[in-house]
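# Summary of the model geometry
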Amino acid sequence: MSLRKRVLVLGGADFFGLHLARRLVDEGYHVVVVDNLTRGRDPKEVAALGAVPGVEIIGGDLSDGATWAALPRGWAQIYLLGGGPLPRVIEADPVRVVRGHALAALHLLDWAAPGDKVFFASSGEVHADGVENGVVQVPTEESEPVVVGDLAEPRSAYAASRLLAEAALVHAARAGRSRVVVGRFYDVYGPRMSTDHLIPQMCVRAVKGEDPFLVAGPHRRRAFCYIDDAVEATLRLMEQPAAVGEIVHIGNDSAQTTVGDLARMVLRIAGVEAKVLAEPAASNSPARRAPDLSKLRRLTGFEPSVELAEGVRRTFYWYRRTWRS
(Lines give C-alpha, C1' and ligand atoms only; values in the text may rest on other atoms or scores of the structure.)
Protein backbone atom coordinates (compact mmCIF):
# COMPACT_ATOMS: atom_id res chain seq x y z
CA MET A 1 0.00 0.00 0.00
CA SER A 2 1.45 3.34 -1.07
CA LEU A 3 2.10 5.80 1.75
CA ARG A 4 0.16 8.32 -0.28
CA LYS A 5 -2.96 6.28 0.36
CA ARG A 6 -2.61 5.77 4.12
CA VAL A 7 -4.88 7.76 6.46
CA LEU A 8 -4.70 7.94 10.25
CA VAL A 9 -7.98 8.45 12.13
CA LEU A 10 -7.32 9.18 15.80
CA GLY A 11 -10.22 8.58 18.17
CA GLY A 12 -12.00 7.09 15.20
CA ALA A 13 -14.08 4.29 16.74
CA ASP A 14 -16.97 6.61 17.58
CA PHE A 15 -19.96 7.74 15.52
CA PHE A 16 -18.24 10.25 13.24
CA GLY A 17 -15.09 8.17 12.91
CA LEU A 18 -17.00 5.07 11.81
CA HIS A 19 -18.68 7.00 8.99
CA LEU A 20 -15.49 8.85 8.03
CA ALA A 21 -13.44 5.64 7.87
CA ARG A 22 -15.97 3.95 5.61
CA ARG A 23 -16.04 6.95 3.28
CA LEU A 24 -12.23 7.08 3.16
CA VAL A 25 -12.10 3.39 2.23
CA ASP A 26 -14.61 4.07 -0.54
CA GLU A 27 -12.26 6.84 -1.73
CA GLY A 28 -9.44 4.29 -2.04
CA TYR A 29 -7.51 4.91 1.19
CA HIS A 30 -6.10 2.44 3.66
CA VAL A 31 -7.39 3.60 7.05
CA VAL A 32 -5.73 3.04 10.41
CA VAL A 33 -7.99 3.85 13.38
CA VAL A 34 -6.46 4.48 16.82
CA ASP A 35 -8.88 4.52 19.74
CA ASN A 36 -9.02 3.57 23.41
CA LEU A 37 -12.02 1.35 22.60
CA THR A 38 -13.70 1.97 25.93
CA ARG A 39 -16.72 4.04 26.95
CA GLY A 40 -19.23 5.07 24.31
CA ARG A 41 -17.97 2.58 21.70
CA ASP A 42 -20.41 0.06 20.25
CA PRO A 43 -18.48 -3.25 20.13
CA LYS A 44 -20.55 -4.56 17.21
CA GLU A 45 -19.96 -1.43 15.14
CA VAL A 46 -16.27 -1.39 15.95
CA ALA A 47 -15.99 -5.06 14.99
CA ALA A 48 -17.87 -4.43 11.75
CA LEU A 49 -15.54 -1.56 10.90
CA GLY A 50 -12.47 -3.69 11.65
CA ALA A 51 -13.78 -6.33 9.26
CA VAL A 52 -13.90 -3.83 6.36
CA PRO A 53 -11.04 -4.52 3.91
CA GLY A 54 -8.63 -1.59 4.09
CA VAL A 55 -9.27 -0.76 7.76
CA GLU A 56 -7.03 -1.50 10.75
CA ILE A 57 -8.01 -0.73 14.35
CA ILE A 58 -5.36 -0.21 17.02
CA GLY A 59 -6.05 0.23 20.72
CA GLY A 60 -4.36 3.25 22.24
CA ASP A 61 -4.88 6.09 24.72
CA LEU A 62 -4.34 9.39 22.92
CA SER A 63 -3.71 11.20 26.21
CA ASP A 64 -0.65 8.97 26.71
CA GLY A 65 2.60 10.01 25.04
CA ALA A 66 3.59 6.36 24.63
CA THR A 67 0.72 5.83 22.18
CA TRP A 68 2.02 8.65 20.01
CA ALA A 69 5.61 7.48 20.20
CA ALA A 70 4.55 4.10 18.77
CA LEU A 71 2.71 5.57 15.76
CA PRO A 72 4.42 5.24 12.39
CA ARG A 73 4.97 8.22 10.08
CA GLY A 74 4.05 8.90 6.49
CA TRP A 75 0.30 9.61 6.29
CA ALA A 76 -1.60 11.21 3.43
CA GLN A 77 -4.07 12.64 5.95
CA ILE A 78 -4.47 12.67 9.74
CA TYR A 79 -7.77 13.22 11.57
CA LEU A 80 -8.01 13.90 15.30
CA LEU A 81 -11.60 13.35 16.39
CA GLY A 82 -12.80 14.29 19.84
CA GLY A 83 -16.28 12.83 19.79
CA GLY A 84 -19.46 14.79 20.38
CA PRO A 85 -20.11 16.05 23.91
CA LEU A 86 -22.22 13.49 25.78
CA PRO A 87 -23.88 15.42 28.61
CA ARG A 88 -23.88 12.45 30.99
CA VAL A 89 -20.17 11.81 30.45
CA ILE A 90 -19.21 15.47 30.77
CA GLU A 91 -21.25 15.85 33.94
CA ALA A 92 -20.06 12.58 35.48
CA ASP A 93 -16.33 12.97 34.84
CA PRO A 94 -15.35 16.43 33.53
CA VAL A 95 -11.69 15.92 34.46
CA ARG A 96 -11.40 12.88 32.19
CA VAL A 97 -13.13 14.69 29.34
CA VAL A 98 -11.13 17.92 29.60
CA ARG A 99 -7.83 16.16 30.19
CA GLY A 100 -8.36 13.72 27.34
CA HIS A 101 -9.28 16.34 24.74
CA ALA A 102 -6.54 18.78 25.70
CA LEU A 103 -3.72 16.24 25.98
CA ALA A 104 -4.59 14.53 22.69
CA ALA A 105 -4.35 17.85 20.86
CA LEU A 106 -1.10 18.86 22.55
CA HIS A 107 0.47 15.48 21.82
CA LEU A 108 -0.57 15.87 18.18
CA LEU A 109 1.02 19.32 18.14
CA ASP A 110 4.36 17.86 19.24
CA TRP A 111 4.12 14.72 17.11
CA ALA A 112 3.01 16.08 13.73
CA ALA A 113 5.63 16.86 11.08
CA PRO A 114 5.65 20.11 9.05
CA GLY A 115 4.26 18.44 5.94
CA ASP A 116 1.45 16.55 7.68
CA LYS A 117 -2.11 17.38 6.62
CA VAL A 118 -4.24 17.36 9.79
CA PHE A 119 -7.95 17.82 10.53
CA PHE A 120 -8.97 18.61 14.10
CA ALA A 121 -12.62 18.08 15.06
CA SER A 122 -13.87 20.75 17.43
CA SER A 123 -17.41 21.69 18.42
CA GLY A 124 -19.88 24.54 18.09
CA GLU A 125 -20.25 24.08 21.84
CA VAL A 126 -17.43 26.63 22.20
CA HIS A 127 -19.99 29.35 21.38
CA ALA A 128 -22.74 28.09 23.71
CA ASP A 129 -21.97 30.38 26.65
CA GLY A 130 -21.67 33.40 24.37
CA VAL A 131 -25.08 32.68 22.82
CA GLU A 132 -26.68 32.29 26.25
CA ASN A 133 -25.15 35.57 27.42
CA GLY A 134 -26.39 37.47 24.35
CA VAL A 135 -22.87 38.20 23.10
CA VAL A 136 -22.87 35.85 20.10
CA GLN A 137 -25.20 36.03 17.11
CA VAL A 138 -27.12 33.03 15.76
CA PRO A 139 -26.46 31.80 13.06
CA THR A 140 -22.89 32.00 14.31
CA GLU A 141 -19.84 32.97 12.28
CA GLU A 142 -16.33 31.87 13.15
CA SER A 143 -15.37 35.48 13.89
CA GLU A 144 -17.93 35.85 16.69
CA PRO A 145 -16.33 36.35 20.12
CA VAL A 146 -15.78 33.28 22.24
CA VAL A 147 -17.11 33.50 25.79
CA VAL A 148 -16.37 30.84 28.40
CA GLY A 149 -18.78 30.93 31.29
CA ASP A 150 -18.36 29.48 34.76
CA LEU A 151 -15.54 26.91 34.57
CA ALA A 152 -17.15 25.13 37.50
CA GLU A 153 -19.84 24.09 35.02
CA PRO A 154 -18.65 20.88 33.29
CA ARG A 155 -19.87 21.90 29.82
CA SER A 156 -18.10 25.26 30.05
CA ALA A 157 -14.94 23.41 31.03
CA TYR A 158 -15.43 21.09 28.05
CA ALA A 159 -15.71 24.12 25.74
CA ALA A 160 -12.54 25.58 27.23
CA SER A 161 -10.63 22.37 26.49
CA ARG A 162 -11.73 22.54 22.85
CA LEU A 163 -10.64 26.18 22.63
CA LEU A 164 -7.23 25.35 24.07
CA ALA A 165 -6.79 22.68 21.41
CA GLU A 166 -7.98 24.99 18.64
CA ALA A 167 -5.59 27.76 19.67
CA ALA A 168 -2.59 25.45 19.87
CA LEU A 169 -3.21 23.78 16.52
CA VAL A 170 -4.18 26.88 14.54
CA HIS A 171 -1.08 28.76 15.65
CA ALA A 172 1.06 25.71 14.93
CA ALA A 173 -0.35 25.64 11.40
CA ARG A 174 0.27 29.34 10.86
CA ALA A 175 3.83 28.87 12.10
CA GLY A 176 4.35 26.11 9.52
CA ARG A 177 4.60 23.25 12.02
CA SER A 178 1.88 21.29 10.20
CA ARG A 179 -1.03 21.87 7.83
CA VAL A 180 -3.96 21.93 10.25
CA VAL A 181 -7.63 22.60 9.51
CA VAL A 182 -10.04 23.01 12.45
CA GLY A 183 -13.70 22.10 11.92
CA ARG A 184 -16.34 23.11 14.46
CA PHE A 185 -19.26 20.70 14.14
CA TYR A 186 -22.87 21.71 14.81
CA ASP A 187 -25.48 19.09 15.76
CA VAL A 188 -24.39 16.27 13.48
CA TYR A 189 -26.65 13.20 13.63
CA GLY A 190 -27.33 9.92 11.90
CA PRO A 191 -27.18 6.13 12.18
CA ARG A 192 -24.73 4.59 14.67
CA MET A 193 -24.83 7.61 16.98
CA SER A 194 -25.11 7.08 20.73
CA THR A 195 -28.68 7.21 21.98
CA ASP A 196 -27.56 9.80 24.53
CA HIS A 197 -27.94 12.29 21.66
CA LEU A 198 -31.26 13.91 20.85
CA ILE A 199 -32.33 12.45 17.50
CA PRO A 200 -31.24 8.84 18.17
CA GLN A 201 -32.86 9.02 21.60
CA MET A 202 -36.14 10.20 20.06
CA CYS A 203 -35.96 7.47 17.41
CA VAL A 204 -35.57 4.70 19.99
CA ARG A 205 -38.35 6.12 22.15
CA ALA A 206 -40.63 6.22 19.10
CA VAL A 207 -39.77 2.61 18.30
CA LYS A 208 -40.81 1.74 21.85
CA GLY A 209 -44.08 3.58 21.33
CA GLU A 210 -43.76 5.94 24.28
CA ASP A 211 -46.94 7.85 25.03
CA PRO A 212 -46.93 10.52 26.29
CA PHE A 213 -43.78 11.57 24.46
CA LEU A 214 -41.86 13.87 26.80
CA VAL A 215 -39.71 16.57 25.19
CA ALA A 216 -37.26 18.68 27.19
CA GLY A 217 -37.22 22.32 26.06
CA PRO A 218 -39.42 21.95 22.96
CA HIS A 219 -38.94 25.63 22.03
CA ARG A 220 -35.16 25.31 21.70
CA ARG A 221 -34.00 25.80 18.11
CA ARG A 222 -31.32 23.71 16.44
CA ALA A 223 -29.79 23.29 12.97
CA PHE A 224 -29.19 19.57 12.44
CA CYS A 225 -26.66 18.19 9.95
CA TYR A 226 -26.84 14.64 8.58
CA ILE A 227 -23.64 12.65 8.97
CA ASP A 228 -23.01 12.18 5.23
CA ASP A 229 -23.02 15.95 4.72
CA ALA A 230 -20.64 16.47 7.67
CA VAL A 231 -18.20 13.92 6.25
CA GLU A 232 -18.40 15.49 2.79
CA ALA A 233 -17.65 18.97 4.18
CA THR A 234 -14.71 17.58 6.15
CA LEU A 235 -13.14 15.89 3.13
CA ARG A 236 -13.57 19.02 1.02
CA LEU A 237 -11.78 21.12 3.64
CA MET A 238 -8.90 18.65 3.69
CA GLU A 239 -8.47 19.10 -0.06
CA GLN A 240 -8.48 22.90 0.11
CA PRO A 241 -5.05 24.52 0.69
CA ALA A 242 -6.69 27.82 1.65
CA ALA A 243 -8.30 26.10 4.67
CA VAL A 244 -4.94 25.45 6.38
CA GLY A 245 -4.70 27.39 9.62
CA GLU A 246 -8.42 28.22 9.56
CA ILE A 247 -11.34 27.44 11.86
CA VAL A 248 -14.43 26.55 9.84
CA HIS A 249 -17.99 25.82 10.94
CA ILE A 250 -19.54 22.57 9.66
CA GLY A 251 -23.26 21.91 9.76
CA ASN A 252 -26.50 22.56 7.92
CA ASP A 253 -27.85 26.09 8.18
CA SER A 254 -30.96 25.25 6.13
CA ALA A 255 -32.36 22.72 8.60
CA GLN A 256 -33.29 24.85 11.59
CA THR A 257 -36.22 23.55 13.62
CA THR A 258 -37.53 23.53 17.13
CA VAL A 259 -36.98 20.47 19.30
CA GLY A 260 -40.75 20.10 19.63
CA ASP A 261 -41.25 20.06 15.84
CA LEU A 262 -38.41 17.56 15.58
CA ALA A 263 -40.21 15.25 18.01
CA ARG A 264 -43.40 15.47 15.97
CA MET A 265 -41.41 14.71 12.80
CA VAL A 266 -39.92 11.57 14.38
CA LEU A 267 -43.36 10.40 15.52
CA ARG A 268 -44.82 10.95 12.02
CA ILE A 269 -42.01 8.96 10.42
CA ALA A 270 -42.49 6.22 13.02
CA GLY A 271 -46.24 6.15 12.42
CA VAL A 272 -46.84 6.66 16.13
CA GLU A 273 -49.68 8.74 17.53
CA ALA A 274 -48.53 10.08 20.88
CA LYS A 275 -49.12 13.19 22.91
CA VAL A 276 -46.07 15.45 23.01
CA LEU A 277 -45.58 16.91 26.47
CA ALA A 278 -43.09 19.64 27.33
CA GLU A 279 -40.50 19.35 30.08
CA PRO A 280 -37.97 21.97 31.18
CA ALA A 281 -34.71 21.95 29.24
CA ALA A 282 -31.46 21.30 31.02
CA SER A 283 -30.05 24.51 32.49
CA ASN A 284 -26.91 24.30 30.33
CA SER A 285 -28.71 23.70 27.02
CA PRO A 286 -28.67 26.83 24.78
CA ALA A 287 -32.00 28.14 23.54
CA ARG A 288 -30.58 28.47 19.99
CA ARG A 289 -27.70 26.96 18.06
CA ALA A 290 -26.96 27.21 14.34
CA PRO A 291 -23.82 27.80 12.26
CA ASP A 292 -23.19 30.39 9.61
CA LEU A 293 -21.65 28.41 6.72
CA SER A 294 -20.46 31.36 4.63
CA LYS A 295 -16.80 30.54 5.20
CA LEU A 296 -17.26 26.84 4.41
CA ARG A 297 -19.07 27.74 1.19
CA ARG A 298 -16.41 30.26 0.22
CA LEU A 299 -13.60 27.76 0.73
CA THR A 300 -15.19 24.61 -0.70
CA GLY A 301 -18.48 25.36 -2.46
CA PHE A 302 -20.15 22.94 -0.05
CA GLU A 303 -23.96 22.85 0.19
CA PRO A 304 -25.83 20.43 2.46
CA SER A 305 -27.63 17.82 0.36
CA VAL A 306 -29.71 15.85 2.87
CA GLU A 307 -32.88 17.58 4.04
CA LEU A 308 -33.84 17.18 7.68
CA ALA A 309 -36.90 15.00 7.03
CA GLU A 310 -34.88 12.63 4.83
CA GLY A 311 -32.00 12.43 7.30
CA VAL A 312 -34.33 11.75 10.22
CA ARG A 313 -36.10 9.09 8.14
CA ARG A 314 -32.82 7.30 7.38
CA THR A 315 -31.79 7.54 11.01
CA PHE A 316 -35.10 6.25 12.35
CA TYR A 317 -35.15 3.24 10.02
CA TRP A 318 -31.62 2.30 11.10
CA TYR A 319 -32.58 2.38 14.80
CA ARG A 320 -35.78 0.48 14.11
CA ARG A 321 -33.73 -2.28 12.44
CA THR A 322 -31.02 -2.43 15.08
CA TRP A 323 -32.61 -1.45 18.41
CA ARG A 324 -33.25 -4.18 20.97
CA SER A 325 -35.19 -3.64 24.17
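One structure accompanies this document, and this report is about it.

Right, let's talk about the overall build of the chain for a bit. Within the chain, the secondary structure is distributed over 12 helices and 14 strands. Against the 2.2 N^0.38 benchmark of 20 Å for 325 residues, the chain shows a C-alpha radius of gyration of 19 Å, consistent with a compact globule. Split into buried and exposed, the 325 residues of the chain put 53% on the buried side. Only carbon and sulfur atoms are counted for the fraction: they give 51% of the accessible area of the chain, which is about 13900 Å². In the chain, 39 positive and 39 negative side-chain charges are present, and the distance between their average locations comes to 3 Å.

What follows concerns the packing of helix α1 (residues 15-26) against helix α2 (residues 43-50). For the pair α1 and α2, interaxial distance at closest approach is 11 Å and the crossing angle is 15°. Accordingly, the angle class assigned to the pair α1 and α2 is roughly parallel. Where α1 crosses over α2, the handedness of that crossing is left-handed. Where α1 approaches α2, its residues Leu18, Ala21 and Arg22 are matched on the opposing element by Glu45, Ala48 and Leu49. Classifying every residue of the contact of α1 with α2 gives 4 nonpolar, no polar and 2 charged.

Applying the stated criterion across every chain yields a total of 19 salt bridges. A salt bridge links Glu125 to Arg289; its shortest N-O distance comes to 3.5 Å. Of this pair, Glu125 sits in the loop between β5 (117-123) and α6 (128-132) while Arg289 sits in strand β14 (residues 288-289), and the two are 164 residues apart along the sequence. Taking relative accessible area as the criterion, Arg289 reaches 15% and is therefore assigned buried. Close ionic contact of Asp253 with Arg297 constitutes a salt bridge, the shortest N to O distance being 2.9 Å. Of the two residues, Asp253 sits in the loop between β11 (247-250) and β12 (256-258) while Arg297 sits in helix α11 (residues 294-300), which places them 44 residues apart along the sequence. With relative accessibility at 23%, the residue Asp253 sits in the partly exposed group. Overall, Arg297 belongs to the partly exposed group, its relative accessible area being 26%. Via salt bridges that share partners, Arg23, Glu27, Glu232 and Arg236 belong to a single interconnected network.

This part takes up helix α10 (residues 259-270). Helix length check: α10 (12 residues) gives 17 Å between terminal C-alpha atoms against 16 Å at 1.5 Å per residue, within 8%. Judged by how many residues are buried, α10 sits mostly within the fold: 9 of 12 residues are covered. Residues of α10 that are buried include every one of Val259, Gly260, Leu262, Ala263, Met265, Val266, Leu267, Ile269 and Ala270, and no others. Buried residues along α10 sit against α8 (198-207), β8 (213-216), β9 (221-223), β12, β13 (276-279) and α12 (308-322).

Taken in spatial order, the 3 strands of this open sheet run β12-β9-β14, and their pairing is mixed. Whereas interior strands pair on both sides, the edge strands pair on one side only; in this sheet they are β12 and β14. Pairing between β9 and β14: 2 bridges, direction parallel. Across the sheet, residue Arg222 finds its bridge partner in β14, namely Arg289.

Another point: unusual backbone geometry. The step from Val138 to Pro139 runs through a cis peptide bond, and the omega angle for that step is 0°. Tracing the chain through its elements places Pro139 in the loop between α6 and α7 (154-174). In this model, Asp211 is joined to Pro212 through a cis peptide bond whose omega is 5°. In this structure, Asp187 takes a positive phi of about 50° despite not being glycine.

What counts, and where the lines are drawn
Residues numbered from 1 in each chain as written. Predicted model: local features only at pLDDT ≥ 70, side-chain atom pairs only at ≥ 80, totals over all residues. Heavy atoms only, no water. Helix = DSSP H or I, 4+ residues; strand = E, 2+ residues; numbered from the N terminus. Rg over C-alpha atoms; globule rule 2.2 N^0.38 Å. Buried < 20%, exposed > 50% of the residue type's maximum accessible area, 1.4 Å probe, protein only. Areas by Shrake-Rupley, 256 points an atom, 1.4 Å probe, with all protein chains shown as cover. Lys, Arg positive; Asp, Glu negative; His and termini not counted. Charge placed at Lys NZ, Arg CZ, Asp CG, Glu CD. Axes fitted to C-alpha atoms, helices over the stretch in contact; angles between N-to-C directions. Parallel < 35°, antiparallel > 145°, perpendicular 65-115°, else oblique. Left-handed = near helix turned anticlockwise from the far one by under 90°. Contact = heavy atoms within 4.5 Å. Nonpolar A, V, L, I, M, F, W, Y, C, P; charged D, E, K, R; others polar. Salt bridge = Lys/Arg side-chain N within 4 Å of Asp/Glu carboxyl O. Expected span 1.5 Å × (residues − 1). Pairing = 2+ DSSP bridges.

Nothing here speaks to function; it is all geometry.
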